[in-house]
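Structural features, examined
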Amino acid sequence: PCRTSALTGHQWMLELQHGNATRIYENFRMDRDVFYQLCNLLETNNELQSGKKVGVQQEVAIFLFIVGQHANNRNAQQRFQLSGETISKYFHSDLKACVKMSVDWVKPWQRNGVHPYIKNSRKYYPHFKVTTNTLSLSLKNIFYDIFCM
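The shown structure was predicted, so the numbers you read here are calculated from the model rather than taken from an experiment.

**Structural notes on the overall build of the chain**
Along its length, the chain carries eight helices and zero strands. Each helix and strand of the chain, placed in order from N terminus to C terminus, yields the pattern α-α-α-α-α-α-α-α. Here the chain has roughly 10900 Å² of accessible surface; of this, 54% comes from carbon and sulfur atoms.

Written out as structure tokens, the structure is:
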């Protein structure tokens, strides 16, 4: 076997949870309390469920490690001592859960039109003639194409 580190993903998670709070921030780019709140939110909304070998916290940790550290699948395999297929499965599962959650949490900023500097500029305004409805429909179509096909 290739992944033979003495520190498994579960053991590393325990070390982070019981160690200095700065380490969670450095690895996942969020405070310890926020990490736990995110895990609870994703679990209570039935977006994620604990598996036989990997719990929700470790699953979220895999996702945040990859996103927060700009890591690739192989880096996550080494850190969590899991196969590439398993890492990919949990990463995509969390990504889908976050996209579903974003519908409730990410809202467009309410503005009264385009900023005057841009609107009065011949150079910039032609590129910003997009209404909020058009933008929102475009984003929904993109997410649908990615996750529902």
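**Remarks on the pattern of salt bridges**
Evaluated as defined, the whole model comprises two salt bridges. Of the charged contacts, one joins R23 and E15 as a salt bridge, the two residues approaching to 2.8 Å between their closest N and O atoms. Overall, the relative accessible area of 29% leaves R23 in the partly exposed class. Of the residues examined, E15 reaches a relative accessible area of 35% and is grouped as partly exposed. A salt bridge links K100 to E47, with the shortest nitrogen-to-oxygen separation between them at 3.8 Å. Residue K100 is located in helix α6 (residues 84–105), and its partner E47 is located in the loop between α3 (32–44) and α4 (56–69); the two are separated by 53 residues in the primary sequence.

**Focus on helix α2 (residues 21–28)**
For α2, every residue scored as buried is listed here: I24, N27 and F28. Around the axis of α2, the buried residues are gathered within 80° of arc, so they sit on the same side. Packing partners of the buried residues in α2 comprise α1 (9–18), α3 and α4. If you check the start of α2, you find a side-chain oxygen 2.9 Å away from the backbone N of T22, and it comes from N20. Phi turns positive, to about 60°, at R29, one or two residues after α2.

**So, the nonpolar core**
With 29 residues, the main nonpolar core has F28, F35, V60, L64 and F80 as its most contacted residues. Broken down by secondary-structure element, the contributors of at least two residues to this core are α1, α2, α3, α4, α5 (73–80) and α6. At eight residues, the largest contribution of residues to this core is made by α4. Excluding anything up to four places from it in sequence, F35 contacts M13, I24, F28, M30, Q57, V60, A61 and L64.

**A closer look at unusual backbone geometry**
The backbone of R29 shows a phi angle near 60°, a positive value even though the residue is not glycine. Positionally, R29 belongs in the loop between α2 and α3.

**With respect to α3**
Since there are 3.6 residues in each turn of an α-helix, residues three or four apart along the chain are aligned in direction. Here α3 contains 13 residues, and its C-alpha end-to-end distance of 18 Å stays within 8% of the 18 Å for a straight helix at 1.5 Å per residue. Against the buried residues of α3 lie α1, α2, α4 and α6. Looking one or two places after α3, you find N46, whose phi comes out positive at around 60°.

**Regarding the packing of α4 against α5**
Axis separation between α4 and α5 bottoms out at 10 Å; the angle between their running directions is 140°. On the basis of the axis angle, α4 is oblique to α5. In terms of crossing hand, the pair formed by α4 and α5 is right-handed. Of α5, the residues touching α4 (which contributes Q58, A61, I62, F65 and I66) are N75, A76, R79 and F80. Across the contact of α4 with α5, the residue classes tally to six nonpolar, two polar and one charged.

Rules of the game
Residues numbered from 1 in each chain as written. Predicted model: local features only at pLDDT ≥ 70, side-chain atom pairs only at ≥ 80, totals over all residues. Heavy atoms only, no water. Helix = DSSP H or I, 4+ residues; strand = E, 2+ residues; numbered from the N terminus. Areas by Shrake-Rupley, 256 points an atom, 1.4 Å probe, with all protein chains shown as cover. Salt bridge = Lys/Arg side-chain N within 4 Å of Asp/Glu carboxyl O. Buried < 20%, exposed > 50% of the residue type's maximum accessible area, 1.4 Å probe, protein only. Arc of directions from axis to C-beta. Contact = heavy atoms within 4.5 Å. Polar contact = N/O pair within 3.5 Å; in protein donor to acceptor, adjacent residues only side chain to side chain. Core = buried A, V, L, I, M, F, W, Y, C linked by side-chain atoms within 4.5 Å. Expected span 1.5 Å × (residues − 1). Axes fitted to C-alpha atoms, helices over the stretch in contact; angles between N-to-C directions. Parallel < 35°, antiparallel > 145°, perpendicular 65-115°, else oblique. Left-handed = near helix turned anticlockwise from the far one by under 90°. Nonpolar A, V, L, I, M, F, W, Y, C, P; charged D, E, K, R; others polar.

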